[in-house]
Structure formats: C-alpha cells, structure tokens
Amino acid sequence: MTHVEDELASQPECWTRAAARAAEHTALLPAAGERVAIVGCGTSYFMAQAAAALREGAGQGETDAFAASEFPHGRPYDRVVALTRSGTTTEVLELLGALRGRTPTTAVTADPHTPVMDAADAVVVLDFADERSVVQTRFATTALTLLRAHLGLHTDAVVADARTALDTPLPEGLVDCGQFSFLGRGWTVGLANEAGLKMREAALAWAESYPAMEYRHGPISITTRGTATWMFGEAPAGLAQQVRDTGGLWVAGGLDPLAELVRAQRLALAVAAARGLDPDAPRHLTRSVILDPEAAR
C-alpha cells in the first residue's frame, strides 16, 4: 500500500478526532462577526475556499479566501487563518511575517516543529493528520473538518458517509475516462477544485473544475463519450440530463460533499494505477514548496 492510500483510508478517524477537538480551539479560531481571510497554497487554498464559503454562508461574518501569494495587503481583516500542512511553505511564512503586529493570525498545521509555530500568533496543531505523502489527502480534509465543527456544521453522518465513500466501488467505466470535470456550488466549488488537482497530481489526468452553473458557459463543449462530469452536492436543474445527452458519464454526488472528495481521491489513485504511475512520486512535485529569497520575489 502506498503512503497516500494509507492516509486516504484513515480520514474517518481523523475527522472524528478533529471534530472532538474543535471546542478546545475556539479561542484560536475566528469568532462570529469577525472579518476573516483564510489563506493557503495548493490543496490548502482550495480548502480555504470551502471554509470561507461555509463560514460566510453560516452568517458568521464576511470571509474571503486567497492563495497566500495573492493576499490583498491593503484590505483590513480582523483575523487571518493560514492552512499549511508542512509549516514551511515560503508564501505562507512570508505573509504571516508581513501581518505580524498588524492583524492577528492563526495557523492550522500538522507539524509542531516547523517555522510556522513562531510565524503565527496562534497555532492549531493537527499532528495526528500529518502525512508522509506529497499528495495531500487527510490533512486537508481534517483541517476543513475542524473548521466545519467550529461552525457547528459537522455531524457524525459526515464520518459515516466517508466510510461509505471508502467501501463503495467507483462507478463502472469511470477509471477508463480520458477527461474529468468536477463541479460544485457554494462551498463545494473548493472541493471540486481540489478533486481536479488530485487527478492532475496523482494521475496526470486531464481534469478541470468549475462552478456548476458556469459549466454550461463553454466547458460543457469538451464533454462527450469517454469523459466524466462529477457533481459535488446538489446539481442545478437539468444539468445531469444535459451531460448525458452529450454521451458523457454523469456522476451524482449523493454523499456529504466532503465524503465525495474521498471518492474523488480514490478515483485519482485508481487512474494512477491503471496508468502505471506511482502516486507517492508525483511528477515535478515536493511535499512543501520552499523558495530561495530571490525566487520568492
């Protein structure tokens, strides 16, 4: 079993532990009414997108998500939350340094022995969700679970759905598809973005992601026999039939959307295996992006 397979399968237990700890970290996480930005890089950025939409949708306050390198320094926030598995990513550390003394910051990380411990004003450590793999699975979803639980949006049913996602076979013919489109609405747009990234990282697959309503505005033109379109959450009316009319494979998201992401992670590994690829050694990638000072400018 590869590292990523092992870590992927451990997500239900990790989510349960994160949800149980959420109350312990209440003072470190955004309070209701605060204006908040959530930042990250790669997978963590997509989790930030999901968390920001969930928080604002729950009426907890205006919440934005940014890639750490694209943070708008002229915009005021009451708190900035940084998601960083490694605690060493250059863009995150530089942003936290720039915000010190100006804006309170909280980092959510997996490794308590990294520079982020000193760079952020407060740190939540999810060391039980750390990973050996380059391709992120359990840390990202566990960090999002922590934030969902903090908002009161996590239930035991989410964990049950994750177990179902691990145990249920993937739809017939899905692994053989040559192109994949992942769709979301609201907070699940971030999950769709992450599903596409997993396919590209682990399987070198042609994978794209869109807000579901935007998919009709051009991207549906690539859909045909031998392609798949996967919906995270409830689909817009009529979209499933439109995809079927193209000859493409429609995959409905019947589980909690975070559990659907577990299914998409499984798909990425299955496609990688079918193509003879090692998901523990993704092309051109490292576990953390650490830039020299000149390259970071």
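For the structure, see preceding data.
Throughout what follows, the structure given in this document is the object of discussion. (Residues numbered from 1 in each chain as written. Predicted model: local features only at pLDDT ≥ 70, side-chain atom pairs only at ≥ 80, totals over all residues. Heavy atoms only, no water.)

As for the environment of Asp6
Item 1. With respect to the helices and strands, Asp6 occurs in helix 1 (residues 3–9).
Item 2. The sequence separation of Asp6 and Ala68 amounts to 62 residues, and the corresponding C-alpha distance is 29 Å. (Helix = DSSP H or I, 4+ residues; strand = E, 2+ residues; numbered from the N terminus.)

Regarding the pattern of salt bridges
Pairs can form between side chains of opposite charge once their charged atoms are near each other.
Item 1. In total, this model carries 10 salt bridges according to the counting rule given.
Item 2. One salt bridge in this structure joins Arg163 and Glu13, with 3.0 Å as the shortest N-O distance. Of this pair, Arg163 sits in helix 7 (residues 156–167) while Glu13 sits in helix 2 (residues 11–21), and the two are 150 residues apart along the sequence.
Item 3. Take Arg163: its relative accessible area is 38%, and that puts it in the partly exposed class. (Salt bridge = Lys/Arg side-chain N within 4 Å of Asp/Glu carboxyl O. Buried < 20%, exposed > 50% of the residue type's maximum accessible area, 1.4 Å probe, protein only.)

Some details on the side chain of Ser209
Item 1. Note on placement: Ser209 falls in strand 7 (residues 207–211).
Item 2. Of the polar contacts made by the side chain of Ser209, one reaches the side chain of Asn193; its length is 2.7 Å.
Item 3. If we skip the residues at most four places from it in the chain, Ser209 touches Phe182, Ala192 and Asn193. (Polar contact = N/O pair within 3.5 Å; in protein donor to acceptor, adjacent residues only side chain to side chain. Contact = heavy atoms within 4.5 Å.)

Remarks on the nonpolar core
Item 1. Grouped together as the largest cluster of nonpolar side chains are 65 residues, with contacts concentrated most on Phe180 and Phe182.
Item 2. In terms of residue count, the dominant contributor to this core is helix 10 (residues 257–274) (10 residues).
Item 3. Among all residues touching Phe180, those that are not within four sequence positions of it are Leu174, Met199, Ala205, Trp206, Ala207, Glu208, Ala228, Leu267 and Val271.
Item 4. Ranked by size, the runner-up nonpolar core spans 18 residues in total, among them Phe66, Ala68, Leu95 and Ala107. (Core = buried A, V, L, I, M, F, W, Y, C linked by side-chain atoms within 4.5 Å.)

Here's the deal with the packing of helix 6 (residues 138–150) against helix 10
Item 1. One can describe the packing of helix 6 onto helix 10 by two numbers: an axis separation of 11 Å at closest approach and a directional angle of 175 degrees. Of the possible angle classes, the one that applies to helix 6 and helix 10 is roughly antiparallel. Residues Thr141, Leu144, Thr145 and Arg148 of helix 6 form the contact with helix 10, whose own contacting residues are Leu258, Leu261 and Gln265.
Item 2. Within the contact of helix 6 with helix 10, the residues separate by chemical class into three nonpolar, three polar and one charged. (Axes fitted to C-alpha atoms, helices over the stretch in contact; angles between N-to-C directions. Parallel < 35°, antiparallel > 145°, perpendicular 65-115°, else oblique. Nonpolar A, V, L, I, M, F, W, Y, C, P; charged D, E, K, R; others polar.)

Concerning the pairing of strand 3 (residues 79–84)
Item 1. Taking burial as the measure, the six residues of strand 3 include six buried ones, the bulk of the element.
Item 2. Along strand 3, one buried face is formed by Arg79, Val81 and Leu83 and the opposite face, lined by Val80, Ala82 and Thr84, is buried too.
Item 3. Bridge count between strand 3 and strand 4 (residues 105–109): five bridges; the pairing is parallel. If you follow Ala82 over to strand 4, its bridge partner there is Ala107.
Item 4. The β-α-β motif built from strand 3, the intervening helix 4 (residues 90–99) and the parallel element strand 4 has right-handed crossover chirality. (Pairing = 2+ DSSP bridges. Right-handed = clockwise from strand over helix to strand, strands pointing away.)

Details of the sheet that holds strand 1 (residues 36–40)
Item 1. Strand order in this open sheet of five strands is 2-1-3-4-5, and the pairing throughout is parallel. Each edge of the open sheet is held by one strand with a lone partner, namely strand 2 (63–67) and strand 5 (122–125). Sheet twist, expressed as the mean angle between neighbouring strand axes with direction ignored, is 20 degrees.
Item 2. Seen against the sheet, helix 3 (residues 43–57) touches strand 1, strand 2 and strand 3 and runs at an angle of roughly 170 degrees to strand 2.

Quick look at the packing of aromatic side chains
Item 1. For the structure on display, the rule yields eight aromatic pairs.
Item 2. Taking the centre distance of 5.8 Å and the plane angle of 45 degrees together, the rings of Phe71 and Tyr77 count as tilted.
Item 3. You can call Tyr77 buried: its relative accessible area is 7%.
Item 4. Each ring, one from Trp230 and one from Phe232, has its centre 6.1 Å from the other, and the planes form 15 degrees; the classification is stacked.
Item 5. Here the aromatic residues Phe66, Phe71 and Tyr77 are joined through ring pairs into a cluster of three or more.
Item 6. The ring of Tyr77 carries Arg35 above its face, with NZ or CZ at 4.8 Å from the centroid. (Phe/Tyr/Trp six-rings, centres within 6.5 Å; stacked < 30°, edge-to-face > 60°. Lys NZ or Arg CZ within 6 Å of the ring centre and 35° of its normal.)

Regarding unusual backbone geometry
Item 1. The backbone of Leu204 shows a phi angle near 50 degrees, a positive value even though the residue is not glycine.
Item 2. By the element assignment, Leu204 lies in the loop between helix 8 (188–203) and strand 7.
Item 3. Residue classification places Leu204 among the partly exposed residues on the basis of a relative accessible area of 36%.

Considering the pairing of strand 2
Item 1. Examined bridge by bridge, strand 1 and strand 2 share five bridges and lie parallel to one another. Looking at strand 2, one finds that Gly40 is bridged to Ala67.
Item 2. Handedness of the β-α-β unit built from strand 1, helix 3 and strand 2 comes out right-handed.

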